[in-house]
Amino acid sequence: MSVSAQTGPSTRTGATTTGSRGGYAKGRATQQEIIRTAILVFADVGFHGASLRDIAARVGISHPGLLHHFPNKAALLEAVLEYRDAVDEQSFQEDVERGSDYFEALLNLVERNRLRRPLVELFAGLSTEATSPDHPAHEYFRRRYARVLGEQSQLLRERAARGGLAPGVDPDQAARTVVALMDGLQIQWLFSLERPGAERVDMAADLRGYLDLILR
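Throughout what follows, the structure given in this document is the object of discussion. (Residues numbered from 1 in each chain as written. Predicted model: local features only at pLDDT ≥ 70, side-chain atom pairs only at ≥ 80, totals over all residues. Heavy atoms only, no water.)

1. Considerations on the environment of Ile35
Its location among the elements puts Ile35 in helix H1 (residues 11-49). Between the alpha carbons of Ile35 and Phe70 there is a distance of 9.8 Å; along the sequence they are 35 residues apart. For Ile35, the contacting residues outside a window of four places in its chain are Phe70, Leu76, Ala79, Val80 and Tyr83. (Helix = DSSP H or I, 4+ residues; strand = E, 2+ residues; numbered from the N terminus. Contact = heavy atoms within 4.5 Å.)

2. Here's the deal with helix H4 (residues 73-97)
For H4, spanning 25 residues, the distance from its first C-alpha to its last is 36 Å, which sits close to the expected 36 Å at 1.5 Å a residue. A distance of 3.2 Å separates the backbone nitrogen of Ala74 from a side-chain oxygen at the start of H4, and that oxygen is part of Asn72. Phi turns positive, to about 110°, at Gly99, one or two residues after H4. (Expected span 1.5 Å × (residues − 1). Polar contact = N/O pair within 3.5 Å; in protein donor to acceptor, adjacent residues only side chain to side chain.)

3. A closer look at the environment of Thr30
Looking at where Thr30 falls in the secondary structure, it is placed in helix H1. Along the sequence, Thr30 and Val59 sit 29 residues apart, while their C-alpha atoms lie 8.2 Å from each other. Non-local contacts of Thr30, meaning those with residues more than four positions away in its chain, are made with Ile61 and His69.

4. Here we look at helix H9 (residues 203-214)
An ideal rise of 1.5 Å per residue puts 16 Å on 12 residues; H9 measures up with 17 Å between its terminal C-alpha atoms. Every buried residue belonging to H9 is among Met203, Ala204, Leu207, Tyr210, Leu211 and Ile214, and all of these are buried. What you see down the axis of H9 is that its buried residues fit within an arc of 130°, all on one side. Residues of H9 that are exposed and point over 90 degrees away from its buried face: Asp212 and Leu213. The elements touched by buried residues of H9 are helix H5 (102-112) and helix H8 (171-192). (Buried < 20%, exposed > 50% of the residue type's maximum accessible area, 1.4 Å probe, protein only. Arc of directions from axis to C-beta.)

5. What about the packing of helix H7 (residues 138-161) against H8?
Running from amino to carboxyl end, H7 crosses H8 at an angle of 130°, the nearest separation of the two axes being 8 Å. Taken as axis vectors, H7 and H8 run oblique relative to one another. H8 is crossed by H7, and the crossing has right-handed handedness. Side by side, H7 and H8 meet where Tyr145, Val148, Leu149, Gln152, Ser153, Leu156 and Arg157 of the first sit next to Pro171, Asp172, Ala174, Ala175, Arg176, Val178, Val179 and Asp183 of the second. (Axes fitted to C-alpha atoms, helices over the stretch in contact; angles between N-to-C directions. Parallel < 35°, antiparallel > 145°, perpendicular 65-115°, else oblique. Left-handed = near helix turned anticlockwise from the far one by under 90°.)

6. Digging into the packing of aromatic side chains
The tally for this structure, following the rule as stated, stands at 5 aromatic pairs. Both rings, one in Tyr102 and one in Phe103, keep their centres 5.1 Å apart while their planes meet at 80°; by these two values the pair is edge-to-face. Taking relative accessible area as the criterion, Tyr102 reaches 17% and is therefore assigned buried. The exposure class assigned to Phe103 is buried, which follows from its relative accessible area of 4%. (Phe/Tyr/Trp six-rings, centres within 6.5 Å; stacked < 30°, edge-to-face > 60°.)

So this is what it looks like as structure tokens:
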């Protein structure tokens, strides 16, 4: 609540409001730090191997302090996945607003992932773990793949109607191939980081190579 919403300003009200705002900002900052730390831990040891006590210790807060923000590990995982989606969505939409089409924006996203190794490791690890129906992220990934494949299939069908696909390309099959290629390239890229720079997998270049084959 802002000061202007009060029936009259006073030193006490102003101090309380300032304190509340300061406490809220500090709480938000702590939440973000927990999420960033959880990304590193989940990427390193997976969801099942991660410990909330370890995450809390790395952040520099108590275990009960972490539970104040996230009541259990599944809730923290949900926040981590939402954070990852928000990061991708913001940069993707900015590219579209600057005039990039869907697939050019997708290539830009893949290129940016070279600078976000923890998020790539997180996605690669969790997507494999989450194939088990009892994994807390199973429904998230199931819905995500259904949404992404649906979006890409529709875009490719519309492109085909305009003569924008190479002859013989099936939109649904192409969409599955694009998604599989992106996921597979991320894993190969992570392994290639142990090699000299020139020998590392160029995810964006390889994806562009396939898109050049199917798009007109």
